[in-house]
Amino acid sequence: MTIAEYNKSVDDFSDGLYRFILKNVKDEEKAKDIIQDTYEKLWIKISNVSYEKVKSYLFTAAYHTMIDLIRKEKRQENMEKINTEIYSHTKQYTDISEILEEAVNKLPEDQRSVILLRDYEGYSYDEIADITGLNESQVKVYIYRGRMFLKKYIGSIETVI
Amino acid sequence: MNITRENYEAYIIDYLDGKLNPVQSAELMHFLSQNPDLEEEFNEFESIKINSSKEMKLNKEELKRDFSDIKQINDENFDEFCVANFEGDLNNQDECRLKEYLKKYPEKQKDFDLYSKIYLSPDYSIKYSEKNSIKKISPFIRRKNLLLYVTSAAAAILLLILIVYMPGKDREGISEIQVADNITEENISSQKEYENNVEVTEKQITKGKKYKVLENIKNEKIAEKISDNLPKDNTDDKREALEYLTPISAQLNNTVEYADLIMNTEIKTIKSVDKNKYALKEFANQYLENINDHSIHEIILNKINVWAIAEAGIKSFNYLTESEVMLKKQVSSDGAIVAFALNSESFSISSPLKK
């Protein structure tokens, strides 16, 4: 990959990458640090990564950097466990997107990541598997579980409203 | 090691696991040779081998199931079918089955609709604001930038030299620079002598008489043009500058074009083009000629405008001296720069450019 292609990858993919990481870590500074680290890694491997593969490389590197960060900060939750308390809510909502936003924030890390990759970037199951290091079946399971949780969350709030 | 009929099994297992050392193994063999029935048992043990091989791998794909393998949609699997529907994982047949189920159980339609609302869309207003900090500059551009800085600094230094050494010291070369501090009403008359030597072609504009003097300009066309322009176009700044800078010598070449130049570019004094006169263009070119690398020279000449270098130099000079020197350009109708002027509170320099 040339320097021009590297810089183009900054223009083309950094916004999407930033949105994906920010939605996961919910901290602008940390998200920016992760993007910085990710592009630093890309710069080091610039001769080994082709422009056609760079988007996937960036998301993979950013995802793993994010997971490392989360583990370091010991904030990783039990990936499988969904606390029933998270369905409780007292907030007033103006539209469905707010509810959905809140519901996504309550998803376990893995489920949130795969759903964001699916919805934000339109990745297929196998592409998500490559990025996250999970196998395709696991990705599918996380997406299905995540979707069911989101539906249940929205349904419970709609009932309240 | 004391092997007996009570504990021999443990020794045999350790032997088969390779945990006995050669001495222990020899002792075990000796014990078995003394107990033929146990030796027979040992041989049976040895023939049992566990295959940890590849043949034992399962064909996972055969075990996997699809939605079409589910005989009927019910309460338990309805959610899964809904997700699969919106994820695009159902085939046409399964989609039909789901539709039929919804027809049969209309109360489920609400749940089905909820699944359509759980898809996220990115917030495009969120953007990564520090793209420039992670972009990389190629060594060539870095080198070019360095050259730009160097040429800017050189231009600033040359400009400084011009300002320090030129006014009044070399009037043969540049006679237009007038420093306000040195100018009083009294020295106007003494300047006449100087002006005779420096080809004053028309009139001298003096403080407080700047408009009247124009009436005395021999060439009436020029006078008309200037007087027409002055009251209309004059801003307060222009008036102040004219009052501040005294005496102001207007050296006109009996041409209407020069009169235009004076008015439109706020040039206070004009003299015929002097070949020896210094100009920023010459400064920049002079510097560039010293650069040995012809390829870089060409790039700079082509890509970096001389005016950009001059402006950068002036900015640097202003920064260093906290002054407010301004570079103004006179542009002709066809877009070409025909003259420039350097203006500040204390001096004003102007020059037409070579065609």
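Note that the structure is predicted; figures quoted are calculated from it, not measured. (Residues numbered from 1 in each chain as written. Chains lettered and ligands numbered in written order. Predicted model: local features only at pLDDT ≥ 70, side-chain atom pairs only at ≥ 80, totals over all residues. Heavy atoms only, no water.)

1. Describing the overall build of chain A
Selection rule: Working definition: helices are DSSP H or I runs of at least four residues, strands are E runs of at least two. Numbering for both runs from the N terminus. Working definition: with a 1.4 Å probe on protein chains only, accessible area under 20% of the residue-type maximum means buried, over 50% means exposed, and in between means partly exposed. Contacts are assigned to residue pairs that have any heavy atoms within 4.5 Å of one another. Reported accessibility uses the Shrake-Rupley method at a 1.4 Å probe radius. Residues are deemed covered only where the shown protein chains occlude them.
If you tally the helices and strands in chain A, you get seven helices and zero strands. Here chain A, with 161 residues, has 50% of them falling under the buried criterion. Within chain A, residue pairs in contact and separated by at least 24 positions form 70% of the contacts whose partners lie at least 6 positions apart. Only carbon and sulfur atoms are counted for the fraction: they give 48% of the accessible area of chain A, which is about 7,800 Å².

2. Considerations on helix H2 (residues 22–34) of chain B
Residue and element names in this part refer to chain B. What counts, and what does not: Given the number of residues in a helix, its expected span is that number minus one, multiplied by 1.5 Å. The arc refers to the directions leading from the helix axis to the C-beta atoms. Nitrogen and oxygen atoms within 3.5 Å of one another constitute a polar contact, given that in protein one can donate a hydrogen and the other can accept it, and given that sequence-neighbouring residues count only through two side-chain atoms.
Over its 13 residues, H2 extends 19 Å from the first C-alpha to the last, a length consistent with the 18 Å expected when each residue adds 1.5 Å. Within H2, the full set of buried residues consists of Ser25, Leu28, Phe31 and Leu32. One side of H2 carries all its buried residues, which in axial view fall inside an arc of 120 degrees. Of the residues in H2, the exposed ones pointing more than 90 degrees away from the buried face are Pro22, Val23 and Gln34. Its side-chain oxygen at 3.1 Å from the backbone nitrogen of Val23, Asn21 defines the N-terminal cap of H2.

3. Some points on the interface of chain A and chain B
Interface size is commonly expressed as the accessible area that is lost once the parts come together. Under the convention used in this document: Note: buried area is the sum, over both parts, of the accessible area (probe 1.4 Å) each one loses when the two are combined. Only one rule defines a salt bridge in this text: a Lys or Arg side-chain nitrogen within 4 Å of an Asp or Glu carboxyl oxygen.
Contacts between the two partners involve 36 residues from chain A, matched on the other side by 31 residues from chain B. Taking both sides of the interface into account, the surface hidden between chain A and chain B amounts to around 3,200 Å²; carbon and sulfur atoms contribute 61%. Of all residues in chain A, the largest losses of buried area upon contact with chain B belong to Arg19, Tyr144 and Lys151 of chain A, amounting jointly to 21% of the total for that side. One can count eight salt bridges joining chain A with chain B. Note that Arg118 of chain A and Glu87 of chain B form a salt bridge whose closest N and O atoms lie 2.6 Å from each other. Viewed at the interface, chain B and chain A are joined by twelve residue pairs in polar contact (both at pLDDT 80 or more). Of all the secondary structure elements, the ones that give two or more residues to the side of chain A that touches chain B are helix H1 (3–25), helix H2 (28–44), helix H4 (96–105), helix H5 (109–121) and helix H7 (136–160) of chain A. The dominant element in the side of chain A that touches chain B, judged by the number of residues it contributes, is H7 of chain A, at eleven residues.

4. Thoughts on the pairing of strand E4 (residues 337–343) of chain B
Residues and elements named next belong to chain B. Cut-off, in case you're wondering: Here a strand pair is declared whenever DSSP counts at least two bridges between the two strands.
For E4, a buried count of five out of seven residues is recorded, marking the element as mostly surrounded by other parts of the structure. Judged from the six bridges that link them, strand E3 (residues 326–331) and E4 form a sheet pairing that is antiparallel. Bridging from a neighbouring strand, Lys329 pairs with Phe340 of E4. Here E3 folds back onto E4, and the loop between the two strands holds five residues, one of which, Gly335, carries a positive phi near 90 degrees. Both E4 and strand E5 (residues 348–352) contribute to a ladder of five bridges, which runs antiparallel. Within E5, the residue paired with Ala341 across the bridge is Ser350.

5. Points about the packing of H5 of chain A against helix H6 (residues 125–132) of chain A
Residue and element names in this part refer to chain A. Put simply, the rule reads: Axis definition: a line fit to C-alpha positions, over the contact stretch in the case of helices; interaxial angles, taken between N-to-C directions, run 0 to 180 degrees. Here the word oblique covers every angle except those under 35 degrees (roughly parallel), over 145 (roughly antiparallel) and from 65 to 115 (roughly perpendicular). Put simply, a crossing is left-handed when the front helix is turned counterclockwise from the back one by less than a right angle, and right-handed when it is turned clockwise. Ten residues, namely Ala, Val, Leu, Ile, Met, Phe, Trp, Tyr, Cys and Pro, are considered nonpolar, four, namely Asp, Glu, Lys and Arg, are considered charged, and the remaining ones, Gly among them, are considered polar.
It is at 10 Å that the axes of H5 and H6 come closest, and there the two elements cross at 130 degrees. Looking at the two axes, H5 sits oblique to H6. H6 is crossed by H5, and the crossing has right-handed handedness. Here H5 contributes Val114, Leu117 and Arg118 to the contact with H6, which in turn contributes Tyr125, Ile128, Ile131 and Thr132. In terms of residue class, the contact of H5 with H6 is built from five nonpolar, one polar and one charged.

6. Concerning the environment of Asn85 of chain B
Residues and elements named next belong to chain B. Within the secondary structure, Asn85 is located in helix H5 (residues 75–87). With 27 residues separating them along the chain, Asn85 and Phe112 place their C-alpha atoms 9.6 Å apart. Leave out the neighbours within four places in its chain, and Asn85 touches Leu90, Glu95, Leu98 and Phe112.

7. Regarding the confidence of the model for chain A
Heads up, the rule is: pLDDT is a residue-level measure of predictor confidence that goes from 0 to 100.
Per-residue confidence for chain A gives a mean pLDDT of 85; residues scoring 70 or more make up 84%. Here H4 of chain A stands out as the element of chain A with the lowest mean pLDDT, 86, in contrast to H6 of chain A, whose mean of 94 is the highest.

8. With respect to H2 of chain A
Between its first and last C-alpha, H2 of chain A extends 24 Å over 17 residues, near the 24 Å set by a 1.5 Å rise per residue. Regarding H2 of chain A, the residues found buried are Ala31, Lys32, Ile34, Ile35, Thr38, Tyr39 and Leu42 of chain A. Viewed end-on, H2 of chain A has its buried residues packed into an arc of 160 degrees, placing them on one side of the element. On the buried face of H2 of chain A, the contacting elements are H1 and helix H3 (54–72) of chain A together with helix H8 (131–134) of chain B. Sitting at the head of H2 of chain A, Asp27 of chain A places a side-chain oxygen 3.0 Å from the backbone nitrogen of Glu29 of chain A.

9. Some words on the side chain of Thr65 of chain A
All names here are of chain A. Mapped onto the elements of the fold, Thr65 is located in helix H3. A polar atom in the side chain of Thr65 sits 2.9 Å from the side chain of Lys41. Not counting the four nearest positions on each side in its chain, Thr65 is found in contact with Ile34, Asp37, Thr38 and Lys41.

10. Observations concerning the nonpolar core
Quick note on the threshold: Side-chain atoms within 4.5 Å are what join buried Ala, Val, Leu, Ile, Met, Phe, Trp, Tyr and Cys residues into a set we call a nonpolar core.
Ranked by internal contacts, the top residues of the largest apolar core, which has 69 residues, are Ile21, Tyr39 and Leu150 of chain A. Contacts of Tyr39 of chain A, omitting those with residues within four sequence positions, involve Tyr6, Ser9, Val10, Phe13, Ser14, Leu17 and Leu58 of chain A together with Ile134 of chain B. One finds Phe317, Phe340, Ile349 and Leu353 of chain B within the second-largest nonpolar core, a separate group that totals 14 residues.

11. So, a nonpolar patch on the surface
Residues and elements named next belong to chain B. Put simply, the test is: Here the term patch refers to residues with relative accessible area over 30% and no salt bridge, with like charges joined within 9 Å and nonpolar side chains (Val, Leu, Ile, Met, Phe, Trp, Tyr) within 5 Å.
Taken together, the side chains of Leu16, Phe45 and Ile48 define a hydrophobic patch exposed on the protein surface, amounting to about 270 Å² of accessible area. Summarising the element assignment, Leu16 is placed in helix H1 (residues 8–16). The class for Leu16 is partly exposed, based on a relative accessible area of 36%.

12. Some thoughts on the packing of aromatic side chains
The condition that has to hold: Ring pairs are drawn from Phe, Tyr and Trp, using the six-membered ring of Trp, whenever the two centres fall within 6.5 Å, and their geometry is named by plane angle: stacked under 30 degrees, edge-to-face over 60, tilted for the rest. Whether a charge lies above a ring is judged from NZ of Lys or CZ of Arg, which has to be within 6 Å of the ring centre and within 35 degrees of the ring normal.
Counted by the stated rule, this structure contains 15 aromatic pairs over all chains. Taking the centre distance of 4.7 Å and the plane angle of 45 degrees together, the rings of Tyr101 of chain B and Tyr105 of chain B count as tilted. By relative accessible area, which is 8% here, Tyr101 of chain B ends up buried. Seen from the ring of Tyr125 of chain A, Arg118 of chain A lies directly overhead, with NZ or CZ sitting 4.3 Å from the centre.

13. Quick notes on the pattern of salt bridges
Following the criterion strictly, the structure yields 18 salt bridges over all chains and no others. When the shortest N-O distance is used, the salt bridge between Glu101 of chain A and Lys23 of chain A registers 2.6 Å. Of this pair, Glu101 of chain A sits in helix H4 while Lys23 of chain A sits in helix H1, placing them 78 residues apart in sequence. A relative accessible area of 37% places Glu101 of chain A in the partly exposed class. Overall, Lys23 of chain A belongs to the buried group, its relative accessible area being 14%. Measuring nitrogen to oxygen at the nearest pair gives 3.6 Å for the salt bridge that ties Lys32 of chain A to Glu130 of chain B. A residue pair is termed interchain when its members come from two chains, as with Lys32 of chain A in helix H2 and Glu130 of chain B in the loop between helix H7 (109–116) and H8. Judged by relative accessible area, which is 12%, Lys32 of chain A ranks as buried.

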